[in-house]
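Take a look at the letters that make up each chain.
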Amino acid sequence: MLISIQDKLPPVYHHLFVDLVAKPIPQETLATCHDCVLCQPRDSTFVGTKCCTYYPFLTNYLIGGLLSDNDHTLLEGQKRVEAIIASKRGVTPFGVLNPLNYELLDKRIRDSAQRPTDLWSANEVSSLRCPYYDKGHCSVWKYREHCCVTHFCVSVGGQEGNNFWTAFDDYLKYVEYSLSKYAMLQMGWDASQIPLETPTAESLRFENAVGEVIENNYKQMWGEWYGREIEFYKETYRIVNALTAEQFENITGVNQAILKKRVLATQYTFTHPSFPEYLKFNSNFVLKPLENGDYHVSTDKVNFIVDEMVVRILKKFDGTKSTESICQNIKPLGLEFEIQYLKPLLQADVLIAI
Ligand code: SF4
Ligand code: SF4
């Protein structure tokens, strides 16, 4: 099933990338975030976070939009952002970014012996939980940032899907920081205080490694807006929200045009997948039957639970019947099946081309 890019994009951009948002993409039905695949094993350490072990960088205008919005579903997110602003930790004119001690902790946990995330302890996972994660839901969803828009642990498009989301992530990241700098310039910010590259808590030097804010540095960074941070953020949102598509193109320039072309090229291959004519189920996989009739499928690349019907379908791929004919025979079984579902299975070597 196809949806449009707009369906996945925070509304703040809908009037800015008019030609891009109308483009179709396949719906990501395998990354079932409402019933997170990462949390399906009962003993998963990610049950209380899903994959939100991440501190998003909400740019100034995203924070301003969130705090200006009357949508009651955002009340919890607004409360959380206001509490962070009151704490001053990670609070900058560019937006609210990950505090220095989070950055250091994140690096330590990710780097320690290069362990895969499924070997993280429950304590490590919970210490990296996103501050906007609210009992299984995202409290700032309407104003989420690039990574939270584009991350899908499994794409229905396999590698082509991953390529699209990576290109779109690069695009959004570029747009976010360009617009946040533009809004600061429009607010009369001293240009010598606006770095061209995205800043971090470390580069801005207003916090120490144990999470304390260095008041003098913080005050200096905010200048005349010190104590009026919320007002500042709301103003930046007003500026970005008032832009036309033409002004947006002028502000973001040739880099935006290049990144957009990359998105469009990957969008095409994502929506026009091709498949090997013959596929075979890789029987080297460990298939472990579970008590409820489902199967635990595991390899060194993937680890997931499927129902018995899916295993029966996978076994139909025996290398003698064409991919096309098998897919034609699956549909009458009344299953919700799209041929692109085969892409991640191919990528993970669950199915192999012959
Ligand atoms: S993208 Fe994250 S929340 Fe969604 S299913 Fe995957 S691991 Fe779970
Ligand atoms: S902002 Fe929302 S989607 Fe992004 S990491 Fe936090 S809770 Fe998850």
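Here's what I pulled together on the structure shown here. (Residues numbered from 1 in each chain as written. Chains lettered and ligands numbered in written order. Predicted model: local features only at pLDDT ≥ 70, side-chain atom pairs only at ≥ 80, totals over all residues. Heavy atoms only, no water.)

Right, let's get into the packing of aromatic side chains. A complete count under the given rule lists 24 aromatic pairs for this structure. A ring pair is formed by Tyr55 and Tyr102, whose centres lie 5.1 Å apart and whose planes are at 70°; its orientation type is edge-to-face. Note that Tyr55 is positioned in the loop between strand E2 (24–26) and strand E3 (58–59) and Tyr102 in helix H4 (residues 100–111), a separation of 47 residues in sequence. Overall, Tyr55 belongs to the buried group, its relative accessible area being 11%. The exposure class of Tyr102 is buried, given its relative accessible area of 9%. For the cation-ring pair, Arg144 lies above Trp141, with the distance from its terminal atom to the ring centre recorded as 3.6 Å. (Phe/Tyr/Trp six-rings, centres within 6.5 Å; stacked < 30°, edge-to-face > 60°. Helix = DSSP H or I, 4+ residues; strand = E, 2+ residues; numbered from the N terminus. Buried < 20%, exposed > 50% of the residue type's maximum accessible area, 1.4 Å probe, protein only. Lys NZ or Arg CZ within 6 Å of the ring centre and 35° of its normal.)

The next point concerns helix H9 (residues 215–222). Turning to H9, its buried residues number three or more, namely Tyr218, Met221 and Trp222. Down the axis of H9, the sector holding all buried residues measures 90°, keeping them to one side. Opposite the buried face of H9, by more than 90 degrees, sit the exposed residues Asn216 and Gln220. Those residues of H9 hidden inside the fold are in contact with helix H3 (75–87), strand E4 (91–92), helix H8 (201–204) and helix H10 (229–241). (Arc of directions from axis to C-beta. Contact = heavy atoms within 4.5 Å.)

This part is about the site of ligand 2. In the vicinity of ligand 2, the residues found are Cys52, Tyr54, Pro56, Cys130, Tyr132, Tyr133, Cys138, Val140 and Cys148. Of the residues in the shell around ligand 2, the class split is 9 nonpolar, no polar and no charged. (Near = heavy atom within 4 Å. Nonpolar A, V, L, I, M, F, W, Y, C, P; charged D, E, K, R; others polar.)

Turning to the pattern of salt bridges, a few remarks are in order. Pairing between side chains of opposite charge can happen when the charged atoms of each approach one another. This model, assessed by the stated rule, comprises 14 salt bridges. With a closest N to O distance of 3.0 Å, Arg110 and Asp106 form a salt bridge. Placement of the pair is Arg110 and Asp106 together in helix H4, with a separation of 4 residues, close to one helical turn. Overlapping salt bridges bring together Glu76, Lys79, Arg80, Asp134 and Lys135 as one network. (Salt bridge = Lys/Arg side-chain N within 4 Å of Asp/Glu carboxyl O.)

This part takes up the environment of Asn255. Its place among the elements puts Asn255 in helix H11 (residues 245–271). Residues Asn255 and Tyr171 lie 84 residues apart in sequence; the distance between their C-alpha atoms is 9.1 Å.

The 3 strands lie next to each other as E3-E5-E4, forming an open sheet whose pairing is antiparallel. Strands with a single pairing partner mark the edges of an open sheet, and in this sheet they are E3 and E4. Summarising the sheet, E3 and strand E5 (residues 95–96) pair through 2 bridges and their orientation is antiparallel. Residue pairing across strands places Leu58 opposite Val96, the latter belonging to E5. (Pairing = 2+ DSSP bridges.)

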